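Breakdown of the fold
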Protein chains: 2
Amino acid sequence: MQESCHKDVEQAFRIFEARFAIVKQPGRGWDMEDLSNIMLTCVVLHNMIVKNERDEYDDVDSEDDPIIMGNRRSALTRSLSISSLFGARRYVVCYNCKIVARNFRMVSYDFFWEFKVVEGFGVSQVVDSDNPNFKPGDIVSGFTSWEEYTLIYKTEQLRKVQPESMPLSYYVGLLGMPGFTAYAGFYEVCAPKKGEYVFVSAASGAVGQLVGQLAKLHGCYVVGSAGTGQKVDLLKNKLGFDEAFNYKEESDLDAALKRYFPQGIDIYFENVGGAMLEAVLLNMRIHGRIAVCGMVSQNSVSDPQGIRNLFTLVIKRVRMQGFLQSDYLHLFPKFLEDIIGYYKQGKITYLEDMNEGLESGPSAFAGLFTGKNVGKQVICVAKPE
Amino acid sequence: MQESCHKDVEQAFRIFEARFAIVKQPGRGWDMEDLSNIMLTCVVLHNMIVKNERDEYDDVDSEDDPIIMGNRRSALTRSLSISSLFGARRYVVCYNCKIVARNFRMVSYDFFWEFKVVEGFGVSQVVDSDNPNFKPGDIVSGFTSWEEYTLIYKTEQLRKVQPESMPLSYYVGLLGMPGFTAYAGFYEVCAPKKGEYVFVSAASGAVGQLVGQLAKLHGCYVVGSAGTGQKVDLLKNKLGFDEAFNYKEESDLDAALKRYFPQGIDIYFENVGGAMLEAVLLNMRIHGRIAVCGMVSQNSVSDPQGIRNLFTLVIKRVRMQGFLQSDYLHLFPKFLEDIIGYYKQGKITYLEDMNEGLESGPSAFAGLFTGKNVGKQVICVAKPE
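Right, let's walk through the structure included here. (Residues numbered from 1 in each chain as written. Chains lettered and ligands numbered in written order. Predicted model: local features only at pLDDT ≥ 70, side-chain atom pairs only at ≥ 80, totals over all residues. Heavy atoms only, no water.)

Now for the pattern of salt bridges. If you walk through the whole model with that rule in mind, you get 18 salt bridges over all chains. Note that Glu-196 of chain A and Arg-289 of chain A form a salt bridge whose closest N and O atoms lie 2.5 Å from each other. Of this pair, Glu-196 of chain A sits in the loop between helix H6 (177-189) and strand S6 (197-200) while Arg-289 of chain A is found in strand S10 (residues 284-292), placing the two residues 93 residues apart along the sequence. The residues Glu-196 of chain A and Arg-289 of chain A share a single accessibility class, namely buried. Salt-bridge contacts for Asp-327 of chain B lead to Arg-317 of chain A; the nearest nitrogen and oxygen are separated by 2.7 Å. (Salt bridge = Lys/Arg side-chain N within 4 Å of Asp/Glu carboxyl O. Helix = DSSP H or I, 4+ residues; strand = E, 2+ residues; numbered from the N terminus. Buried < 20%, exposed > 50% of the residue type's maximum accessible area, 1.4 Å probe, protein only.)

What follows is the structure, given as structure tokens:
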């Protein structure tokens, strides 16, 4: 962890330690393992708090129910699968990376202060609800939390899941936000044409693996990068990429890209930022498109790498566009139909890395930053009843 | 000039000195003044060469004319106005800035070797022509050179000018490539909507001044930045910008932009790159657009500043798009009609910085990098006959 991050984390820890008497080894900087431990502690603590809330909930008369806010009615849900990535990053990253913290408007300095539970996407089963749209037993996906039971006030963001013989955990991945990010980003932002040259970084991740497969179905030539030999092998032999390489084994990324794309890159699905983006810029073709989705390599550094090659945007007339899937929700029904169709026809496959038990969340999350996971990292919290 | 550029320039100079015995002061790096002197020398030398070519041209029988290449026929033109900016930059920048040199594929290392004349846009009068589309006396605009007479082989790139009571020099500025860059960039790349907040850097330049005025005509709120108090004054009091500021007087560009755009920026017409782009990224609004046109601040440094705030492209879903006017040539007739109409109705104005005589070209060019010019820098070479 970068030196300049220490102060914030130290401060958070001092408050944390004061309240919970967690002992830190003297003379050692805080690392991912520490954060993982803190998060684990918070998850456990929060589950205790929520359990109390749930008990209270059962006793409240619905007429005076304080949880009914305006037109929004609540649902108490039981977590089934949670995605380890998104929500959690919002928190940890803020300690880790000043620049992202600023972008996120410092939402999360209260993580340690107020011991809010970590938020994230998940699939849950409704236990009880005073919103007539949700009945006990319904399966829903949406923003939930790292806990066994969640009281959800913003029920309008929940989406009912019709399992249709698809694994439930797929609704936090292939059929959830990551899959939809790949779908909207590739078709709407990249505007692909048959025969174009497509490069995907973090290609074995939840988003990248689908982008590559959609690009192949679209008639493109697709190369992916990943961080281990095992992932490269999966990309080439299981996910149908034309080529793949381990970026950690390339001392010169520009040269590597020139080897795989002697004719240049039409579309870059950008998941990592940093040195890879820099090298890609030198290899873009005229009128190329860069869909900016991630820049994950820059999330865990407080001093992100500056990109020097932006002048190629002019020379090659490149469109570089940031996007969030939430701007394309009108396409969600078509996305589900298309992807479930492709999956059932055997035209796409999907890699998951499943951990069992809520307690495995923090370490699985920390593992994302070191590339431990293969495919979409999911935590199975419980089975549906 | 940066250390790492010296080697190339030194090498060029060694050849130059060997042939022309130009004496360089020992122990001093090459600077803009040196380059300006070299260019001046080259222009003068080249004019001698071209004069010989012209004399030869008069003697050649058109049947055996070696200058007829395929369907292209040549025209001998006399320069009237030349633009000091574009073509010349292609040459000097290559010695100045590694990264741009790479983008331009090292086109110009032969500048000193072969003593090619500096290319650039200009308005010329046809002296003689074996292409039936051009008759002596015709006024044309297009790629020409820094010389009194030019033999143009690629006549298909020439555009006949119907003066229509507009000053001829406007055809290298307001009604030429810079004006069309502003027009295509603003309407096609920025996709403006009435009421949006528009920021233009290098706002008093040939492109920027028109972008700002078009944005005002479109019903936008427009702020420009420039590098002197005089330019700021012109922007506010002559060119109709809502606000303008001198970026050299702002120690914190982010704070300056927050002052002028408390609600954020919808459209940034990017002419300078570097620290300004970095600050703008922090102030973009959701679904903002950045039309990348220049990055001129990075042209004269061999180690361009890396841009660290690109993550905001994702958070704010910003589209950042490089462009060249040459991709929009189908719009050129409409551009001329629109802009001449606006000008004659007094809805837009135009600032020119006119130098007299071909010899003033190199120093005017060098002045662009220090902000000496006010408005479009033009060299008047001769008057039409």
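Having put the structure on the table, let's press on.
Our next topic: the pairing of strand S8 (residues 243-246) of chain A. Residue and element names in this part refer to chain A. Strand direction decides the pairing type here: strand S7 (residues 221-226) and S8, joined by 4 bridges, are parallel. Each residue of the ladder has a partner; that of Val-223, found in S8, is Glu-243. For the segment spanning S7, helix H8 (residues 229-237) and S8, crossover handedness is right-handed. (Pairing = 2+ DSSP bridges. Right-handed = clockwise from strand over helix to strand, strands pointing away.)

Of note in the backbone geometry, His-287 of chain A takes a positive phi value of approximately 65° without being a glycine. In this structure His-287 of chain A comes out as partly exposed when scored by relative accessible area, which is 40%.

Residue and element names in this part refer to chain A. With respect to the element layout, Thr-228 can be found in the loop between S7 and H8. Counting along the chain gives 146 residues from Thr-228 to Val-374, while the straight-line C-alpha distance between them is 9.4 Å. Separated by 3.1 Å, the side chain of Thr-228 and the backbone nitrogen of Lys-231 make a polar contact. (Polar contact = N/O pair within 3.5 Å; in protein donor to acceptor, adjacent residues only side chain to side chain.)

All names here are of chain A. The tally for this structure, following the rule as stated, stands at 0 disulfides over all chains. Here Cys-190 is not disulfide-linked; the sulfur of Cys-220 is the nearest cysteine sulfur, at 9.2 Å. The buried category is assigned to Cys-190, whose relative accessible area is 0%. (Disulfide = S-S within 2.5 Å.)

With that settled, consider the packing of helix H9 (residues 253-260) of chain A against helix H10 (residues 274-281) of chain A. What describes two packed helices is the angle between their axes and the distance between those same axes. Residue and element names in this part refer to chain A. One can describe the packing of H9 onto H10 by two numbers: an axis separation of 9 Å at closest approach and a directional angle of 50°. Considering the angle they form, H9 stands oblique to H10. Of the two elements, H9 crosses H10, and the hand of that crossing is right-handed. Between H9 and H10, the contacting residues are Leu-253, Asp-254 and Leu-257 on the first element and Ala-275, Met-276, Ala-279 and Val-280 on the second. The residue makeup of the contact of H9 with H10, split by class, is 6 nonpolar, no polar and 1 charged. (Axes fitted to C-alpha atoms, helices over the stretch in contact; angles between N-to-C directions. Parallel < 35°, antiparallel > 145°, perpendicular 65-115°, else oblique. Left-handed = near helix turned anticlockwise from the far one by under 90°. Contact = heavy atoms within 4.5 Å. Nonpolar A, V, L, I, M, F, W, Y, C, P; charged D, E, K, R; others polar.)

The values are spatial; any link to function lies outside them.
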